[in-house]
Amino acid sequence: MPSFEPLRLIQIQPRRGRRLLALLCAVVGIGSGMALHMQKAQAAPGPQTFGDRDAKKPPSMHQLFRSSQLPKTYADFSMFHFVPRGSIIVEQPERGRLIFRSRKTGQPNGYAELKGDSVLYYDPAGRPIRLQHLTPEEMDRWNKNALANR
């Protein structure tokens, strides 16, 4: 009859005991942290809930930019003479171009940008459709604005 020692089956070796204890503490800590987080989330519903129409929405990036103290880029687009019929003009001074959008649908109608001493007008597909040469006075005005924005 084989003899076995029941105490050896129950004993935990010292290294394994430390590892098991550390693992158990980590699991209990993470679980209690998640439970506290869920309890706070349920106790104070914020504007993330879709059912609450009266919740105050956070400001958009555009609103934050308008109210910020960051320097705004400005460009004088008065020398861009051609605007497609029935278009709204959207300025992009940081890129030195105008974007034209349809009043009815809001779809892009093309754009215009300064290239050298002339203004190129493009259709919505990006093909050039018109070229406008600038006078030396208009170029001086553009260059003064570019220097002021640096």
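See the structure shown above.
These numbers come from a predicted model, not from an experiment.

Parameters and conventions
- Residues numbered from 1 in each chain as written.
- Predicted model: local features only at pLDDT ≥ 70, side-chain atom pairs only at ≥ 80, totals over all residues.
- Heavy atoms only, no water.
- Salt bridge = Lys/Arg side-chain N within 4 Å of Asp/Glu carboxyl O.
- Buried < 20%, exposed > 50% of the residue type's maximum accessible area, 1.4 Å probe, protein only.
- Phe/Tyr/Trp six-rings, centres within 6.5 Å; stacked < 30°, edge-to-face > 60°.
- Helix = DSSP H or I, 4+ residues; strand = E, 2+ residues; numbered from the N terminus.
- Lys NZ or Arg CZ within 6 Å of the ring centre and 35° of its normal.

Caption draft 1: Structural context of the pattern of salt bridges. Under the defined criterion, the tally for this structure stands at two salt bridges. Across the pair Asp123 and Arg127 runs a salt bridge whose closest N-O atoms are separated by 3.2 Å. We classify Asp123 as buried; its relative accessible area is 13%.

Caption draft 2: Expanded view of the packing of aromatic side chains. For the structure shown, the criterion picks out three aromatic pairs. Their ring planes at 85 degrees and their centres at 5.2 Å tell us that Phe77 and Phe80 sit as a pair that is edge-to-face. Assessed through its relative accessible area of 8%, Phe77 is described here as buried. Accessibility expressed as a relative area gives 7% for Phe80, which makes it buried. Taken together, a centroid distance of 5.4 Å and an interplanar angle of 85 degrees make the contact between Phe82 and Tyr121 edge-to-face. Of the two residues, Phe82 is situated in the loop between helix 3 (61-66) and strand 1 (87-92) and Tyr121 in strand 4 (residues 118-122); the sequence distance between them amounts to 39 residues. With a relative accessible area of 1%, Tyr121 lands in the buried category. Sitting above the plane of the Tyr111 ring, Arg97 keeps its charged end 5.2 Å from the centroid. Positioned above the aromatic ring of Phe82, the side-chain terminus of Arg130 is 3.8 Å from the ring centre.

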